[in-house]
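The chain contents come next:
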Amino acid sequence: MCRSIKTLRPPMTPEVHDEDIRAAALQYVRKISGFRAPAAHNREAFDAAVDAVAAATASLLADLTVRGAAPAAH
């Protein structure tokens with residue numbers, strides 16, 4: 001869908017930071033909204049969507065079990 005969103009799960013990306021998750025969420029919201037930067041009247045909805053996608057992504061990555069990998073420390 002969006003080539004600039006990289007895979008964030010181990011072992012593809014051994015160390016994932018909040019900035020990585022936020023960047024992927026921002027790219028996703030930009031892609032589906034069609035806006036690189038929203039107009040002032042859409043800023044709140046845009047930012048809320050980025051926050052929601054970032055939270056869902058962090059939750060997903062925390063809950064994934066990768067076969068053969070050691071469990072992640074939380």
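The name recorded for the chain in an unreviewed UniProt entry is DUF2277 domain-containing protein, from Actinacidiphila bryophytorum.

Q: Would you mind showing me how to read the environment of Val66 here?
A: Position of Val66 among the secondary structure elements: in the segment after helix 2 (43–63). Taking the C-alpha atoms as reference points, Val66 and Pro10, separated by 56 residues in sequence, lie 7.5 Å from one another.

Q: Even after reading the chapter, I still don't get the nonpolar core, so can you show me in this structure?
A: One recurring pattern in soluble globular proteins: nonpolar side chains tend to sit buried together. Of all hydrophobic cores here, the largest spans eight residues; its members are Leu8, Ile21, Ala24, Ala25, Val29, Phe46, Val50 and Ala54. Only helix 1 (18–33) and helix 2 provide two or more residues apiece to this core. In terms of residue count, the dominant contributor to this core is helix 1 (four residues). Ignoring sequence-local partners within four residues, the contact set of Ala54 consists of Ile21 and Ala25.

Q: Any chance you could explain the pattern of salt bridges here in plain terms?
A: Two side chains that carry opposite charge are able to pair once their charged atoms sit near each other. Tallied over the entire structure, the rule returns two salt bridges. Note that Asp51 is salt-bridged to Arg22, the shortest N-O span being 2.5 Å. Here Arg22 lies in helix 1 and Asp51 lies in helix 2, a separation of 29 residues in the sequence. Given the relative accessible area of 43%, Asp51 is considered partly exposed. According to the relative accessible area criterion, Arg22 is partly exposed, its value standing at 37%.

Q: Help me understand the environment of Leu8 in this model?
A: Structurally, Leu8 is set in the segment before helix 1. Looking at Leu8, the relative accessible area reads 8%, which means it is buried. For the pair Leu8 and Leu61, spaced 53 residues apart in sequence, the C-alpha separation works out to 7.8 Å. What Leu8 contacts, discounting residues up to four positions off in sequence, is Thr13, Val16, Asp20, Ile21, Ala24, Thr57 and Leu61.

Q: What is the right way to look at helix 1 in this model?
A: Every α-helix carries 3.6 residues per turn, so stepping three or four residues along brings you back to the same face. For helix 1, with 16 residues, the first-to-last C-alpha span of 22 Å sits near the 22 Å given by 1.5 Å per residue. Those residues of helix 1 that sit buried are Ile21, Ala24, Ala25 and Val29. Each buried residue of helix 1 sits inside an arc of 130° when the element is viewed along its axis, so together they form one side. In this structure, the buried residues of helix 1 make contact with helix 2. In the stretch just after helix 1, Gly34 is the one whose phi turns positive, near 80°.

The rules we used
Residues numbered from 1 in each chain as written. Predicted model: local features only at pLDDT ≥ 70, side-chain atom pairs only at ≥ 80, totals over all residues. Heavy atoms only, no water. Helix = DSSP H or I, 4+ residues; strand = E, 2+ residues; numbered from the N terminus. Core = buried A, V, L, I, M, F, W, Y, C linked by side-chain atoms within 4.5 Å. Buried < 20%, exposed > 50% of the residue type's maximum accessible area, 1.4 Å probe, protein only. Contact = heavy atoms within 4.5 Å. Salt bridge = Lys/Arg side-chain N within 4 Å of Asp/Glu carboxyl O. Expected span 1.5 Å × (residues − 1). Arc of directions from axis to C-beta.

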